[in-house]
Amino acid sequence: MENKMSLKEKSLVFIGFMGVGKTTIGELVAEKLNRDFIDIDREIEKEYGMPTTEIFKTFGEKEFRANEKAVIQSYSKQKSKIISVGGGAFLQEEIRSICLENCIVFFLDLSFELWKERMNLIIDTRPVLQGRNIEEIEELFHSRQEIYSSHHFKVITDNKNEEEVANYIIECLTKESE
Ligand SMILES: Nc1ncnc2c1ncn2[C@@H]1O[C@H](COP(=O)(O)OP(=O)(O)OP(=O)(O)O)[C@@H](O)[C@H]1O
Ligand SMILES: O=C(O)C1=C[C@@H](O)[C@@H](O)[C@H](O)C1
Ligand SMILES: [Mg+2]
């Protein structure tokens, strides 16, 4: 089916491993472009009235993933949104294909060396990281890269602050629409 949405109307989707900055950068890009920002994790947390860690404990990962798919399916069809998905969203093929078809997908890339320096900021609130030692987390980090290889733009965020990353993304969009 032909996709009738013009490039300027397409929603942007941010993907990448936990903690690479999808929520932070998404929010900033939305502010700069004056567009609505949707963080899928936050949407699910609002719906359940509890943090992700509690949703995983109470209802299990399977239920979280089903909900994640439903919420993304709904938002990715809307125009002009800025959407940050959870780090595990692209594990689901249906999510990957709907986002790639309807939206512009940005992969936020960060090296494991620099990710490790940021790890303490997120570890307590990401259930998937809990109970794993650093070697296991590193293995997960590398094994997840495969799912993030489905994207339209890769953004190397190493040694770039939030402002620099957001400005780079806007530059990519400006060049693309010229
Ligand atoms: N470019 C950056 N430079 C330095 N710190 C950053 C940068 N981007 C994000 N951070 C910090 O890293 C932490 C994690 O960022 P954020 O919550 O946006 O990650 P995320 O990709 O949304 O993670 P998750 O997939 O788990 O939701 C935050 O404390 C944020 O302030
Ligand atoms: O990478 C993951 O599997 C996850 C990342 C977070 O954004 C949340 O979506 C949840 O904690 C699972
Ligand atoms: Mg996030």
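Quantities reported herein were computed from a predicted structural model and do not represent experimental measurements. (Residues numbered from 1 in each chain as written. Chains lettered and ligands numbered in written order. Predicted model: local features only at pLDDT ≥ 70, side-chain atom pairs only at ≥ 80, totals over all residues. Heavy atoms only, no water.)

Topic: the sheet that holds strand 3 (residues 82–84)
The criterion, for reference: Pairs of strands are assigned from DSSP output, requiring at least two bridges between the strands. Secondary structure elements follow DSSP: runs of H or I no shorter than four residues count as helices, runs of E no shorter than two count as strands, and numbering proceeds from the N terminus. Inter-axis angles, ranging from 0 to 180 degrees, are taken between N-to-C directions of lines fitted to C-alpha atoms, where helices are fitted over the stretch in contact. Contacts are assigned to residue pairs that have any heavy atoms within 4.5 Å of one another.
The 5 strands are arranged 2-3-1-4-5 in an open sheet whose pairing can be described as parallel. Edge positions in the sheet fall to strand 2 (37–39) and strand 5 (153–156), since each of these pairs with one other strand and no more. Each strand of the sheet is rotated relative to its neighbour by a mean of 20 degrees, with strand direction disregarded. Where helix 2 (residues 40–48) meets the sheet, its contacts fall on strand 2 and strand 3, and the angle it forms with strand 2 comes to roughly 70 degrees.

Comments concerning the site of ligand 2
The condition is simple: Note on terminology: near, applied to a residue and a molecule or strand, indicates that one of the residue's heavy atoms is within 4 Å of it. Pairing of N or O atoms within 3.5 Å defines a polar contact, subject to two protein rules: one partner must be a possible hydrogen donor and the other a possible acceptor, and residues neighboring in sequence count only if both atoms are side-chain atoms. Residue burial considers only the protein chains on display, and all accessible areas are found by Shrake-Rupley using a 1.4 Å probe. The definitions used throughout rest on a 1 Å grid laid over the protein atoms alone, on which a cavity is an enclosed set of points accommodating a 1.4 Å probe that cannot get out and a pocket is an open set flanked by protein within 12 Å on both sides along at least five of seven lines; lining residues are those having an atom within 4 Å of a point. Assignment to a cavity or pocket requires that more than half of a molecule's atoms be within 2 Å of the site's grid points.
Every residue near ligand 2 is listed here: Met 18, Asp 41, Thr 52, Phe 64, Arg 65, Glu 68, Gly 86, Gly 87, Gly 88, Pro 127, Val 128 and Arg 144. At a separation of 2.5 Å, an oxygen atom of ligand 2 approaches a polar side-chain atom of Asp 41. Contact distances for ligand 2 include 3.2 Å between an oxygen atom and a backbone N or O atom of Gly 87. Within the complex, 97% of the 310 Å² of free accessible area of ligand 2 lies under protein. More than half of the atoms of ligand 2 fall within 2 Å of the grid points belonging to the largest pocket. Counting residues per element, the shell around ligand 2 draws most heavily on helix 4 (residues 61–76), which supplies 3 residues.

Comments concerning the state of the cysteines
Rules: Throughout, disulfides are identified as pairs of cysteine sulfur atoms within 2.5 Å of each other. Burial here depends on accessible area, computed with a 1.4 Å probe over protein chains only, as a share of the maximum for the residue type. Under 20% is buried, over 50% is exposed, and the range in between is partly exposed.
Within the structure shown, the criterion is met by 0 disulfides. With no disulfide of its own, Cys 103 lies 5.3 Å from the sulfur of Cys 99, the closest cysteine sulfur. Residue classification places Cys 103 among the buried positions, given a relative accessible area of 1%.

Points about helix 4
The test is simple: Working rule for helices: expected span equals 1.5 Å times residues minus one.
Taking 1.5 Å of rise per residue, the 16 residues of helix 4 would be expected to cover 22 Å, and the 22 Å separating its terminal C-alpha atoms lies within 8% of that figure. Where the residues of helix 4 are buried, they touch strand 2, helix 2, helix 3 (52–59), strand 3, helix 5 (93–102) and helix 7 (134–148).

Points about the UniProt feature "binding site: ATP" (unreviewed entry) in the protein chain
Keep this limit in mind: UniProt positions are given in the numbering used here, feature names are shortened, and annotations may be inferred rather than shown by experiment.
The UniProt record marks Gly 19, Val 20, Gly 21, Lys 22, Thr 23, Thr 24 and Arg 126 with the feature "binding site: ATP" (unreviewed entry), using the residue numbering of this structure. Restricting the annotated residues to those that line the largest pocket leaves Gly 19, Val 20, Gly 21, Lys 22, Thr 23, Thr 24 and Arg 126. Classification of Thr 24 by relative accessible area gives partly exposed; the value is 36%. Mapped onto the elements of the fold, Arg 126 is located in the loop between helix 6 (112–122) and helix 7.

Some points on the site of ligand 1
Close to ligand 1 lie 17 residues, the nearest being Gly 19, Lys 22, Thr 23, Thr 24 and Arg 126. Separating an oxygen atom of ligand 1 from a side-chain N or O atom of Arg 126 is a distance of 2.5 Å. About the coverage of ligand 1: the protein hides 79% of its 640 Å² of free accessible area. More than half of the atoms belonging to ligand 1 lie within 2 Å of the grid points that define the largest pocket.

Notes on the packing of helix 4 against helix 5
Stated formally: Oblique is the label for every angle not falling under 35 degrees (roughly parallel), over 145 degrees (roughly antiparallel), or within 65 to 115 degrees (roughly perpendicular). Ten residues, namely Ala, Val, Leu, Ile, Met, Phe, Trp, Tyr, Cys and Pro, are considered nonpolar, four, namely Asp, Glu, Lys and Arg, are considered charged, and the remaining ones, Gly among them, are considered polar.
Across the interface, helix 4 lies against helix 5 with an axial gap of 10 Å and an inter-helix angle of 10 degrees. By the criterion of interaxial angle, the relationship of helix 4 to helix 5 is roughly parallel. On helix 5, the residues that touch Glu 68, Lys 69, Ile 72, Gln 73 and Ser 76 of helix 4 are Glu 94, Ile 95, Ile 98, Cys 99 and Asn 102. For the contact of helix 4 with helix 5, a count of residues per class yields 4 nonpolar, 3 polar and 3 charged.

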